[in-house]
Amino acid sequence: PGTCRRQGCGRGARGIRWMWRGGTGATGLGDDIAILVVDATPGEFEAGFDAGGQTREHVLLVRSLGVQSLVVAVNKMERVGWEEKRFRDIEEQLIGFIKGVGFKTSEVVFVPVSGLEGDNLTKRSDNAALQAWYSGKSLIEVIDEIEPPSRNYDKPFRLVITDVFKHPQLGLSVAGKVEQGYVIVGTPLVVMPGGDGTMVKSITVDDKNVDYVVAGEHCILVLGGIDQSKVFNGNVLCEPHAKIRSTYKFKARILVFNIDLPITKGFPVDLHYQTVNEPAVISRLISTHNKSTGEVIKNKPRCLTKNQVALVEVKCERPICLELSKDNKSLGRITCRYGGNTIAAGMVIEIT
């Protein structure tokens, strides 16, 4: 789903492309916007919202990763006869929790929809049961009216590789999103963290050959002068004079989710960063902080428990490419998983 304009058919100056990831849960719409899809079916919403449910985890996750605006799509409204009371009950329960994790009510929009019937998705519903109490916009109208985040066009080029393949005619190709800066055909680049050199032979955006690509756009680059064995998903393409930093160790400010085991020094995690999934450990617990003010509550805590905000040191088995969150939100965000569950997420504060 999505509008032609949002999918980049016009390839406007801001180079916007909105991405949907998955059918339910938290859906990314760029650096600062997310859609939360919840099920209006009796019992289903409650199961997701109860302690340990995925709805709570998704809200915590998008907020801890710096998302500013949230659109809540209340789906499967046809199963409750488009009843206003059910919609308001869900809205009331969610808004209290959403405000509690730091969102402003002005940054949150609730939209009743039916994915099965396609109702109130791309255009306003003509369903009499919904029109009786809802006069708001469709989901796509709400998305289209959200101001997209600003892009870092003037910063050094960064493209995170999401796919590597060999085109039968063109040769080695990579797909990914330009996180900052721009690149033109013929530009020499390096693949980090390996540092191997290459060159941009051609660029494709929306199946069209173009001369350049800018921050915010998804593209395919055909590379020359490098073997496919040197290029992997999660690698970052940069210009030789402005390489992204690679490191085994960094400090991050994280929010701990609803966990069963306390996090202690040496706690093993699966570190998720962009398309990278690396084994890592929480090597130091530096301090805990107040959620609202950021003030230090305790230095060198013995352990971290649910809903705590903490500054920690993370150590990886292999080098990964990072930016400080203050310099680039997308390249400075991490999540930590353990036992198949997301246990924490946060922002990179220092690269050591």
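Residues numbered from 1 in each chain as written. Predicted model: local features only at pLDDT ≥ 70, side-chain atom pairs only at ≥ 80, totals over all residues. Heavy atoms only, no water.

Draft legend 1. A look at the overall build of the protein chain. Helix and strand content of the protein chain: five helices and 20 strands. Sequence-distant contacts in the protein chain: of pairs separated by 6 or more residues, those separated by 24 or more amount to 68%. Summing over all exposed atoms, the protein chain offers an accessible surface of approximately 16,800 Å²; the carbon and sulfur share of this is 49%. (Helix = DSSP H or I, 4+ residues; strand = E, 2+ residues; numbered from the N terminus. Contact = heavy atoms within 4.5 Å. Areas by Shrake-Rupley, 256 points an atom, 1.4 Å probe, with all protein chains shown as cover.)

Draft legend 2. Representation of the confidence of the model for the protein chain. Scored by pLDDT, the protein chain has a mean of 87; 89% of the residues are at 70 or more. The model gives residues 1-30 a pLDDT under 50, and that stretch makes 71 contacts with residues more than four places away or in other chains. (pLDDT = per-residue confidence, 0-100.)

Draft legend 3. Quick look at the packing of aromatic side chains. Throughout the structure, instances matching the rule amount to five aromatic pairs. Arranged with centres 5.8 Å apart and planes meeting at 90 degrees, the rings of Phe49 and Phe97 form a pair that is edge-to-face. Linking Phe49 in helix α1 (residues 44-49) with Phe97 in helix α3 (residues 84-100), this pair joins segments that are 48 residues apart in sequence. Side by side, Phe49 and Phe97 carry an identical accessibility label, which is buried. (Phe/Tyr/Trp six-rings, centres within 6.5 Å; stacked < 30°, edge-to-face > 60°. Buried < 20%, exposed > 50% of the residue type's maximum accessible area, 1.4 Å probe, protein only.)

Draft legend 4. Main features of the pattern of salt bridges. Going through the model one piece at a time under the given rule, you end up with twelve salt bridges. Salt-bridge contacts for Arg88 lead to Glu91; the nearest nitrogen and oxygen are separated by 3.1 Å. Of the two residues, Arg88 and Glu91 both sit in helix α3, three residues apart, roughly one turn of that helix. Residue Arg88 is classed as partly exposed on the basis of its relative accessible area of 32%. A relative accessible area of 24% places Glu91 in the partly exposed class. (Salt bridge = Lys/Arg side-chain N within 4 Å of Asp/Glu carboxyl O.)

Draft legend 5. Representation of a nonpolar patch on the surface within the structure. Together, Tyr182, Ile184 and Tyr212 make up a nonpolar patch on the protein surface, roughly 330 Å² of accessible area in all. With respect to the secondary-structure elements, Tyr182 resides in strand β7 (residues 182-184). (Patch = residues over 30% accessible without salt bridge, like charges linked within 9 Å, V, L, I, M, F, W, Y side chains within 5 Å.)

Draft legend 6. Quick peek at the side chain of Glu313. As for its position among the elements, Glu313 is in strand β18 (residues 309-322). A residue is classified by how much of its surface remains accessible, and Glu313, at 9% relative accessible area, is buried. Apart from the residues within four sequence positions on either side, Glu313 is in contact with Lys249, Phe250, Lys251, Val281, Ile282, Ser283, Arg284 and Ile286.

Draft legend 7. The nonpolar core, seen in detail. By size, the foremost hydrophobic cluster in this structure holds 44 residues, and its most contacted members are Leu70, Val72, Val74, Leu94 and Ile98. Mapped by element, the contributors of at least two residues to this core are β2 (33-39), α1, α2 (54-64), β3 (69-75), α3, β4 (108-112) and α5 (139-145). Counting residues per element, this core draws most heavily on β2, which supplies six residues. Those residues in contact with Val72, other than ones at most four positions away along the chain, are Leu36, Val38, Leu94, Ile98, Val108, Val109, Phe110 and Val111. (Core = buried A, V, L, I, M, F, W, Y, C linked by side-chain atoms within 4.5 Å.)

Draft legend 8. Structural view of the side chain of Glu323. Residue placement: Glu323 occurs in the loop between β18 and β19 (333-338). Looking at Glu323, the relative accessible area reads 13%, which means it is buried. Within polar-contact distance, the side chain of Glu323 engages the side chain of Arg158 at 2.8 Å. In this structure Glu323 touches Arg158, Gln180, Ile244, Tyr273, Asn328, Leu331, Gly332, Val348 and Ile351, once residues within four positions along its chain are discounted. (Polar contact = N/O pair within 3.5 Å; in protein donor to acceptor, adjacent residues only side chain to side chain.)

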